[in-house]
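Chain residues, written in single-letter form:
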Amino acid sequence: MFRSMYDTDVTVWSPQGRLLQVEYAMEAVKQGSACLGIVGAKHVVLAALKRQPNELSSYQKKLLEIDEHMVVAIAGLNADARSLAKYMRTECLNHKYVFGAPLQAARLVVDVADKYQRCTQMYVRRPYGVGLLVAAYDATGPHLYETCPSGNFNEYVAMAIGSRAQSAKTYLEKHFETFKYCDLDDLIKHALKALAGCVSSDKALDKASASLAVVGLADDGVAVVSKLVEDDAVQPYLDAIDIAPAAVEETKMTDEPPPDDTATIPPPEGEQAGDVDMS
Amino acid sequence: MAGGVAEKMESSSPMRHTTRPIVTGTSVLGLKYKDGVMLAADTLASYGSLAMFQDMRRISKTGSYTLVGGSGEMSDYAAITHMLEDLDRENKNANDGFEFSPKEIFYYLRAVMYQRRNKFDPLWNSLVVGGFKDGQPFLGCVDLRGTAFEDDVVATGFGAHLALPVMRNKWRPDLEEGEARALLEDCLRVLYYRDCRALDKVQLSKATSEGTRISEPYKLETDWASASFVAGPGGDLDGDGGW
């Protein structure tokens, strides 16, 4: 099966000036389950929707910790993401050994993008079928980058990739100007609300499928830490945002969450809603 | 130094490592003071006991925040400054507003020195790294074995024996710039009097919130009238300045 006579090789141009194999690889990213990231003043929050390949299996991990100051969310081929994550972890570790300080995320993202790019120009290779959202807090503050199979990368204040990511993008576009004033709890709520729009109609956003990661300054304002929030730990945040599958539309409709938004929600049992232990 | 290069050029020749330094610089001194960090060194490169090159500048800038002073083999020091230039160029090429802090430079040099000592082919230097970034002064020392430490006062070579005790006695965290300079000049003078590989032509440098500056070489004032320097009536053997 082929859509074009020019799509069987990465290195062959179509007469329209396109590299179809690379575009197909980008398609793999669009088929992957959704993930998104939001940059605040002192934190970056990632949220991702985990998939269960079948009823008996576990949910596929979507968030990979790279270093103490960096986490990636993945959409696309998981195995490709693992090999990229392994490379990124090695680079971070080497940098920390040589320079005694965390690697600048921008530098690593360029190197990763170069890895992607090499596959688009060589006959013997295939492009990576995965897109990454790289969340990091480094010497120049919080950052969110998106990488994609074409070798392109960009920095964002908020971005979503994967299937049905358009819904999340719409939400993020509506609210992005407030993100730099949001505290961590609000960032997480925004992330989950945006993610809720990416859930397919026959599923619900629950603690098994939602996963969160926070990268940023710890409570002491000095140390940089990253933390994955999954399974039971996600529940308090889900409770705090009040989205039944049907309520998703409504959430998207309301502009800013009203100031007393949180006040109306009973705090979950045990810990305070959205109180991330950043230690 | 010849090791890697010679090996590649002529694969049949035996591997060669540095086993002793040839052209050497003596002490480098450094201290933290109220506004930042100050480094000092003379400008002599000796060939054995011969005072061969008298305008060898042994303190260099790397990036906007860091000073590196080197004693020991001067060709190795030149190689190290080239490595640091490469590193700085990488930072500039990345063009993302990030530059290495003095501490990162220090860690890098530590890694380089330790790696080379593990090849049994050390870069024969003691390096002093001083700098100032984000309101934080930094001062550290790395030697040819990769031994690395930070301190408020550091000295390499003969200075570690002759100058360091003086500096530790006189040092305060709130030292004014003038006081810091006077202290370093006193130490350089003592070194000139007592270290036969030292020179009275010196450079001072500082790293503060305003960046890094290295002075042009200038001559220290010395006073040889001190009784211990004057040959006694008995001739050279008595009171000749020795102990």
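Calculation notes
Residues numbered from 1 in each chain as written. Chains lettered and ligands numbered in written order. Predicted model: local features only at pLDDT ≥ 70, side-chain atom pairs only at ≥ 80, totals over all residues. Heavy atoms only, no water. Contact = heavy atoms within 4.5 Å. Buried area = accessible area lost by both parts, 1.4 Å probe. Salt bridge = Lys/Arg side-chain N within 4 Å of Asp/Glu carboxyl O. Polar contact = N/O pair within 3.5 Å; in protein donor to acceptor, adjacent residues only side chain to side chain. Helix = DSSP H or I, 4+ residues; strand = E, 2+ residues; numbered from the N terminus. Core = buried A, V, L, I, M, F, W, Y, C linked by side-chain atoms within 4.5 Å. Buried < 20%, exposed > 50% of the residue type's maximum accessible area, 1.4 Å probe, protein only. Pairing = 2+ DSSP bridges. Axes fitted to C-alpha atoms, helices over the stretch in contact; angles between N-to-C directions. Patch = residues over 30% accessible without salt bridge, like charges linked within 9 Å, V, L, I, M, F, W, Y side chains within 5 Å. Areas by Shrake-Rupley, 256 points an atom, 1.4 Å probe, with all protein chains shown as cover. pLDDT = per-residue confidence, 0-100.

If you look chain B up in an unreviewed UniProt entry, it shows as Proteasome subunit beta from Chrysophaeum taylorii.

The name that an unreviewed UniProt entry assigns to chain A is Proteasome subunit alpha type, with the source organism given as Chrysophaeum taylorii.

K.L.:
Outline the interface of chain A and chain B, supporting the account with residue identities and numerical values.
P.N.:
One frequently used descriptor of interface size is the decrease in accessible area upon assembly of the parts. In this assembly, 11 residues from chain A lie in contact with 13 residues from chain B. Across the interface of chain A and chain B, roughly 1000 Å² is buried in total on both sides, 61% from carbon and sulfur atoms. Of all residues in chain A, the largest losses of buried area upon contact with chain B belong to A:Tyr97, A:Phe99 and A:Arg107, amounting jointly to 56% of the total for that side. On the surface where chain A and chain B come into contact, there are 1 salt bridge. Joining chain A to chain B, the criterion identifies 5 residue pairs in polar contact (both at pLDDT 80 or more). Sort the elements by how many residues they give to the side of chain A that touches chain B and helix 2 (residues 78-99) of chain A lands first, with 4 residues.

K.L.:
Before we move on, can you summarise the nonpolar core with the specific residues and values?
P.N.:
All names here are of chain A. Leu36, Leu192 and Leu205 are the most contacted members of the largest nonpolar core, which totals 33 residues. Of all the secondary-structure elements, those providing two or more residues to this core are strand 1 (35-39), strand 2 (43-49), strand 8 (158-161), helix 4 (165-175), helix 5 (184-196), strand 9 (210-217) and helix 6 (235-241). Take this core: its biggest share by element is 8 residues, from helix 5. Not counting residues up to four positions away in its chain, the partners in contact with Leu36 are Val45, Leu46, Ala47, Leu133, Met159, Ala160, Ala168, Ala191, Ala194 and Leu195. Formed by 24 residues, the second largest nonpolar core is a distinct cluster that contains Met70, Ala105, Ala106 and Leu132.

K.L.:
How would you explain the sheet that holds strand 8 of chain A if you had to name every residue and give the values?
P.N.:
All names here are of chain A. The 5 strands lie next to each other as 8-1-2-9-10, forming an open sheet whose pairing is antiparallel. Edge positions in the open sheet fall to strand 8 and strand 10 (224-229), since each of these has one partner strand only. Neighbour to neighbour, the strand axes of the sheet diverge by 10° on average, direction disregarded. As defined by bridge partners, strand 2 adjoins strand 9 across 7 bridges and the pair is classed as antiparallel. Within the sheet, the bridge partner assigned to Leu49 lies in strand 9 and is Ala210.

K.L.:
Could you give me a rundown of unusual backbone geometry, with the residues and numbers involved?
P.N.:
If you check the backbone angles, A:Asp231 has positive phi at about 50° while not being a glycine. As for its position among the elements, A:Asp231 is in the loop between strand 10 and helix 6. Take A:Asp231: its relative accessible area is 44%, and that puts it in the partly exposed class. The backbone of B:Phe120 shows a phi angle near 55°, a positive value even though the residue is not glycine. Looking at where B:Phe120 falls in the secondary structure, it is placed in the loop between helix 3 (102-118) and strand 8 (125-133).

K.L.:
Tell me what's going on with the sheet that holds strand 3 (residues 63-67) of chain A, and back it up with residues and numbers.
P.N.:
Residue and element names in this part refer to chain A. As summarised here, the arrangement of the 5 strands in space is 3-4-5-6-7, forming an open sheet in which the pairing is antiparallel. Edge positions in the open sheet fall to strand 3 and strand 7 (153-155), since each of these has one partner strand only. Neighbour-to-neighbour, the strand axes of the sheet open up by a mean angle of 20°, direction not taken into account. Judged from the 4 bridges that link them, strand 3 and strand 4 (residues 70-76) form a sheet pairing that is antiparallel. Of the residues in strand 4, the one forming a bridge with Leu63 is Ala73. Its contacts with the sheet put helix 2 on strand 3, strand 4 and strand 5 (130-138), and the angle it makes with strand 3 is roughly 20°.

K.L.:
Hey, could you go over a nonpolar patch on the surface for me, with residue numbers and the actual values?
P.N.:
Residues and elements named next belong to chain B. Among the surface-exposed residues, Ile22, Tyr47, Leu50, Met52 and Phe53 lie close enough to one another that they form a single nonpolar patch of about 460 Å² accessible area. For Ile22, the position within the fold is in the loop between helix 1 (3-9) and strand 1 (23-25). Looking at Ile22, the relative accessible area reads 38%, which means it is partly exposed.

K.L.:
Got a sec to walk through the confidence of the model for chain A? Specific residues and values, please.
P.N.:
All names here are of chain A. For chain A, the mean per-residue pLDDT works out to 88, and 86% of the residues sit at or above 70. This stretch, residues 245-255, has a pLDDT under 50; its non-local contacts, to residues over four places away or in other chains, come to 13 contacts. Low pLDDT, under 50, characterises residues 257-279; the stretch is placed with 30 contacts to residues that sit more than four places away or in other chains.

K.L.:
So, the pattern of salt bridges: which residues are in play, and what are the values?
P.N.:
Under the criterion given, the structure shown has 29 salt bridges over all chains. Residues B:Lys201 and B:Asp55 are paired through a salt bridge, measuring 3.7 Å at the closest nitrogen-oxygen approach. Within this pair, whereas B:Lys201 is found in strand 12 (residues 201-208), its partner B:Asp55 is found in the loop between strand 5 (50-53) and strand 6 (59-62), the two being separated by 146 residues in sequence. The residue B:Arg89 makes a salt bridge to B:Asp86 at a minimum N-O spacing of 3.2 Å. Here B:Asp86 and B:Arg89 lie together in helix 2 (residues 74-94), a separation of 3 residues that amounts to about one turn. Since its relative accessible area comes to 45%, B:Arg89 is described here as partly exposed. Residue classification places B:Asp86 among the partly exposed positions, given a relative accessible area of 42%. A single salt-bridge network, built from bridges that share partners, covers A:Lys50, A:Lys61, A:Glu230 and A:Asp231.

K.L.:
Would you mind going over the environment of B:Ala40 in detail, with residue names and values included?
P.N.:
Residues and elements named next belong to chain B. With respect to the helices, strands and loops of the structure, Ala40 is situated in strand 3 (residues 36-42). Ala40 sits 19 residues away from Ile59 along the chain, and the two C-alpha atoms are 7.7 Å apart. Look past the residues within four positions of Ala40 in its chain and what remains in contact with it is Val28, Leu29, Ile59, Leu184, Leu188, Gln203 and Leu204.

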